[in-house]
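# Structure at a glance
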Amino acid sequence: MVEGGIGDLYAVYKSIQNLLKYGIATGINAIVKSSIYRSVADLKARIGLL
């Protein structure tokens, strides 16, 4: 009984760890994409001014 409970806790812990890992990765991905998009838009605006 106790071992099963510890196993369940460990499984939950691992899944939370994976969620955090992938959540952080997708968050960084989104930030990078938005900053690239912004810099491209900025470049287009500067070229338009020239």
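Just above sits the structure.
Residues numbered from 1 in each chain as written. Predicted model: local features only at pLDDT ≥ 70, side-chain atom pairs only at ≥ 80, totals over all residues. Heavy atoms only, no water.

Along the backbone of the protein there are 1 helix and 0 strands. Its C-alpha atoms give the protein a radius of gyration of 22 Å, clearly above 10 Å, the size a compact globule of 50 residues would have. On the principal axes, the C-alpha backbone points of the protein span a range of 75 × 5 × 5 Å. Considering the protein as a whole, with its 50 residues, one finds that 0% of them fall into the buried category. (Helix = DSSP H or I, 4+ residues; strand = E, 2+ residues; numbered from the N terminus. Rg over C-alpha atoms; globule rule 2.2 N^0.38 Å. Buried < 20%, exposed > 50% of the residue type's maximum accessible area, 1.4 Å probe, protein only.)

A word on a nonpolar patch on the surface. A cluster of nonpolar side chains, V12, I16, L20, I24, I28, V32, I36 and V40, forms an exposed patch at the surface whose accessible area comes to about 690 Å². Turning to its location among the elements, V40 is positioned in helix 1 (residues 2-49). Exposure remark for V40: the relative accessible area of 36% places this residue in the partly exposed category. (Patch = residues over 30% accessible without salt bridge, like charges linked within 9 Å, V, L, I, M, F, W, Y side chains within 5 Å. Areas by Shrake-Rupley, 256 points an atom, 1.4 Å probe, with all protein chains shown as cover. Salt bridge = Lys/Arg side-chain N within 4 Å of Asp/Glu carboxyl O.)

The next subject is the pattern of salt bridges. For the coordinates displayed, the defined rule picks out 1 salt bridge. A salt bridge links R46 to D42, with the nearest nitrogen and oxygen atoms 3.2 Å apart. Separated by 4 residues within a single helix, R46 and D42 lie in helix 1, roughly one turn from each other. Using a relative accessible area of 53% as the deciding quantity, one classes R46 as exposed. Overall, D42 belongs to the partly exposed group, its relative accessible area being 39%.

What follows concerns the packing of aromatic side chains. One pass over the structure, following the stated rule, counts 1 aromatic pair. Aromatic side chains Y10 and Y13 sit 6.4 Å apart centroid to centroid with 35° between the ring planes, which places their arrangement in the tilted category. Taken together, the positions of Y10 and Y13, both in helix 1 and 3 residues apart, correspond to about one turn of that helix. Owing to a relative accessible area of 51%, Y10 belongs among the exposed residues under this scheme. According to the relative accessible area criterion, Y13 is partly exposed, its value standing at 47%. (Phe/Tyr/Trp six-rings, centres within 6.5 Å; stacked < 30°, edge-to-face > 60°.)

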